[in-house]
Amino acid sequence: MRIVVLAGGIGGARFLRGLKQVASAEVGPGAGSPAEITVIGNTGDDIRLFGLQVCPDLDTVMYTLGGGINEDQGWGRADETFTLRDELAAYDVGPAWFGLGDRDFATHIVRTQMLDAGYPLSAVTEALCSRWRPGVRLIPMSDDRVETHVVIADESGRRAIHFQEWWVRLRAGVPAEAITAVGAEDAKPAPGVLEAIEAADVVLLPPSNPVVSVGTILAIPGIRAALVAKTVVGVSPIIGGAPVRGMADACLTAIGVETSAQAVAAHYGPELLDGWLVDTVDADVAVDGIEVRARPLLMTDPESTAAIAKAALDLAAELQ
């Protein structure tokens, strides 16, 4: 069985850990060998800091599946130290609001050296994964530069800022007037992205942010069109009218979508989604053209997470 997953950061990475557990068994069409998982990672959150290229979502997937993640916060490295950050702050070199740890800096240094040497991001990601061995094929959505920017209005006036500044420094506390994936319309899918989708038996949308994670991946020309022909099952990131974690509600408000499991499914649309898993508190959700199933969706431990992933695969198998 060949599975493709469109993933953002923490929610996507944790879902993937559960998916790996159930995919290690013989499941679904072509049973007889373990499933192959290809992850198409969001790069719209990428940012250049201290002269280094930082890819938060790719790294969160890589660290989580490779056993190096800070489990408590869901991002960054375990057993991290911050000597370099503190030294930069002593020199009054910013931004101080984005705290990179010493171990994490090493990843960004290696990535930037390879990018500056002419290697595309997809090749760099593959090289980094050779250390972490995440057990999936991790591909950035594009080798081209795409950055998510947010338009806000505050005491400094109306302006566009990088998504990371809005998300990390402002904690999405200033309402977003617009969210735009700058460069997406001219970007091309990274090598292997469309081929993986074409070969997939099923495509899963984990409970990642539907606007700035999955939505940014879908904004790359050719990706959404390739998915239309596939069986696609999504897992709602909204439970009982609130995000499972993070501030996805602020992102949904910015694009005029209600914060509900039903509205997110309708936003994706029946031309993309075949199946949609919602939490039991949203059991009354119905969306024309999409098969909706209710089950507990909180990823409280490895077992519950694996059960969610299995439910997504079971629904996909039923819809095929």
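Calculation criteria
- Per chain, residues are indexed from 1 in the order of the written sequence.
- Since the coordinates come from a predicted model, pLDDT governs what is reported: local features require at least 70, and pairs of side-chain atoms require 80 or more to be given and counted, while whole-chain, interface and lining totals use all residues.
- Side-chain numbers here rest on the full set of heavy atoms in the structure, without hydrogens or water.
- Comment: elements are numbered from the N terminus, with helices defined as DSSP H or I runs of at least four residues and strands as E runs of at least two.
- Atoms counted for the radius of gyration: C-alpha only. Globule rule: 2.2 Å times the number of residues to the power 0.38.
- When accessible area is computed with a 1.4 Å probe and restricted to protein chains, residues below 20% of their type maximum are described as buried, those above 50% as exposed, and intermediate ones as partly exposed.
- Contacts are assigned to residue pairs with any non-hydrogen atoms lying within 4.5 Å of each other.
- Counted as positive: Lys and Arg. Counted as negative: Asp and Glu, with His and the chain ends omitted from the count.
- Just so you know, the charge point we use is NZ for Lys, CZ for Arg, CG for Asp and CD for Glu.
- Working definition of a nonpolar core: buried Ala, Val, Leu, Ile, Met, Phe, Trp, Tyr and Cys residues. They are joined through side-chain atoms within 4.5 Å.
- Computed over the protein atoms alone on a 1 Å grid, cavities are sets of points where a 1.4 Å probe fits but cannot get out and pockets are open sets with protein on both sides within 12 Å along at least five of seven lines; a residue lines them when it has an atom within 4 Å of a point.
- Grid points are joined across faces, edges and corners, and a volume is the space filled by probe spheres set on the points.
- For this classification, the nonpolar set comprises Ala, Val, Leu, Ile, Met, Phe, Trp, Tyr, Cys and Pro, the charged set comprises Asp, Glu, Lys and Arg, and every other residue, Gly included, is treated as polar.

## Observations concerning the overall build of the chain
Within the chain, the regular secondary structure consists of twelve helices and 14 strands. The globule rule puts the C-alpha radius of gyration for 320 residues at 20 Å, and the 19 Å found for the chain is close to it. Along the first, second and third principal axes, the C-alpha set of the chain runs to 60 × 45 × 40 Å. When each of the 320 residues of the chain is scored for burial, the buried share is 53%. In the chain, the share of contacts with a sequence separation of at least 24, taken over all contacts with a separation of at least 6, comes to 69%. Across the chain, 24 positive and 42 negative side-chain charges occur, with their mean positions spaced 4 Å apart.

## Regarding the nonpolar core
Counting 55 residues, the largest nonpolar core has L6, W166, I179, L227, Y268 and W276 as the members making the most contacts within it. If you tally residues by element for this core, the top one is helix α11 (residues 261-268), at five residues. In this structure, L6 is in contact with I40, V203, L204, L205, P206, V214, I217, L218 and L227, ignoring residues within four places of it in sequence.

## Some words on the layout of surface pockets
Its volume calculated, the second largest pocket comes out at about 270 Å³. In this structure, the second largest pocket is lined by 13 residues; those nearest its centre are Q53, L115, D143, D144 and R145. Residue composition of the lining of the second largest pocket, by class: four nonpolar, three polar and six charged.

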